[in-house]
Amino acid sequence: MNSLLLTGGRVIDPANQFDAVADVLILNGKISAVGNRLATQTPGEIERFDATGKIICPGLIDLHVHFREPGQTAKETIASGAAAAARGGFTSVVCMPNTSPAIDNAGTVALIHERAAQADGVNVFVTGAITKNLAGEELAPIGSLKKAGVVAITDDGHCVQNNDLMRRACEYAKMFDLPIFDHCQDYSLVTDGVMHEGYWSTALGLRGWPSAGEEMIVARNILLAELTGTRIHCQHLSAAGSVALLREAKRRGVPVSGEACPHHFTLTDAAVAGSEKFWGADGKILAKSQGGELPEWPGYDTNFKMNPPLRSARDREAILEGLADGTIEILCSDHAPHCDYEKEVEFDYAPFGITGLETELALSLMQLVHAKRISLPEMIAKFTVNPARLLNLNKGTLGAGADADVTVLDPEAEWIFQAGDSASKSKNSPFFGWKLKGKAVATIVAGRMVWSEQTEAVVV
Ligand SMILES: [Zn+2]
């Protein structure tokens, strides 16, 4: 068990700067060897998987997902979220702490670890809260969270507004060698905004969420990272100004980093006005990838409401440039499931967020690799070695002796994302009906295939 020979794929392992056609031998859940003609040295009883024409890479890591357990299991459970991750090609995910109750104590961390063990699929890592109940008033017990096994602290979904409290959080986090993840949102600027503040918010009569509401906190975090030496990771960047700030700070050696989600570098705020406006205004290049039939949706569709919001075409371009020049080194989904009845309300009242685990690989391939902005190995690094380094995880590599977490993917496979195919409990994706290019073929965790296209079933 937990041994497997993958043959004939193009092996891309950015951690070891390896890119060649080769076999990968997994023995007892660990990578044993990567090389040519391993079949002759492999005992006959070991199962084989023919990866000819496919890509074999370290298991993909998504360091930003919301699995809603405990407390909101109608939206998603750890088991259903893990199934969606496996289907999307992800072998490791990192859960955000805005559950109910929040992950601000060691007991809740233990509960999630237990549920993940029961689900027995992908690796589920946990972040702890920065402040108790994510209220932004009093620090959570950061030391005991670390002892319980959290990999970072964040108030994601919320943002600590008090700069002195954030500074103290940085100092504690540094003592415990934990990175801080921050959802960058200045409440006084954003107030009750529901979409990007610009032409379309005015045209649609919706309250605006200005880019400065994100950029202000990115600037704050740069100053605090510089002051305290703590690693601060800015989550789901959406605004051009954030990218410019981060680029300049990284040039000076400030320990900050950033992530981007496919919806922010694929869609724009025009999408909130409906498909016709989007394809006519900002979707012209993308329309080619959809062939003759463009996906349709009405104006005010709440599957285009997320936090931070979809922004202008200029912001989308800046995020793409930031990914291309290495300013943004991590890709993730911000997978945020919500029930139909919660989303089927007026735009103002709907919760922020969309699912993303099953589409992020394809959209990243389309917008970054197929669009010739970055190479395939560069994209894979943003899903593997880069997040592993930030989190100090012994993952994201195919080096001998590493955990055998492996993703096999076909970057050229064309498919249409259908609601019925999703393993998530929630169906709040804006990408149903889209023609996508590129997908996972098999997801292997510790040498065991937890999902494969051939079986189309999650093995649990
Ligand atoms: Zn967030």
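Above this text is the structure in question.
Because the structure is predicted, anything quoted here is derived from the model rather than measured. (Residues numbered from 1 in each chain as written. Predicted model: local features only at pLDDT ≥ 70, side-chain atom pairs only at ≥ 80, totals over all residues. Heavy atoms only, no water.)

Draft legend 1. Examining the packing of aromatic side chains more closely. Applying the stated criterion across every chain yields a total of 11 aromatic pairs. Here Y199 and W200 contribute two aromatic rings whose centre-to-centre distance is 4.9 Å and whose plane-to-plane angle is 80°, an arrangement assigned as edge-to-face. For W200, a relative accessible area of 13% gives the class buried. Seen from their ring centres, W297 and W434 are 6.2 Å apart, and the 20° between their planes marks the pair as stacked. With W297 in the loop between α11 (284-289) and α12 (313-324) and W434 in the loop between β15 (406-416) and β16 (435-445), the pair connects residues that are 137 residues apart, well separated along the chain. One aromatic cluster in this structure is built from F278, W279, W297, F304, F431 and W434. (Phe/Tyr/Trp six-rings, centres within 6.5 Å; stacked < 30°, edge-to-face > 60°. Buried < 20%, exposed > 50% of the residue type's maximum accessible area, 1.4 Å probe, protein only. Helix = DSSP H or I, 4+ residues; strand = E, 2+ residues; numbered from the N terminus.)

Draft legend 2. Structural view of helix α7 (residues 212-228). With 17 residues, α7 should reach 24 Å at 1.5 Å per residue; the first-to-last C-alpha distance of 24 Å fits that figure. Among all positions in α7, only G213, E214, I217, V218, R220, N221, I222, L224, A225 and T228 are buried. Phi turns positive one or two residues past the end of α7, at G229, with a value near 80°. (Expected span 1.5 Å × (residues − 1).)

Draft legend 3. Seen up close, the coordination of the zinc ion. Within the protein, D156 (OD), H183 (ND1) and H236 (NE2) serve as the donor atoms for the zinc ion, at 2.0 to 2.3 Å. Every donor residue of the zinc ion comes from the same chain, spaced as D-x26-H-x52-H. Separated by 80 residues along the polypeptide, D156 in the loop between α3 (142-148) and α4 (163-175) and H236 in the loop between β12 (232-234) and α8 (240-251) bring together distant segments of the chain. Considered together, D156 and H236 belong to a single accessibility category, that of buried residues. (Donors = N, O, S within 2.8 Å, 3.2 Å for Na, K, Ca; no water.)

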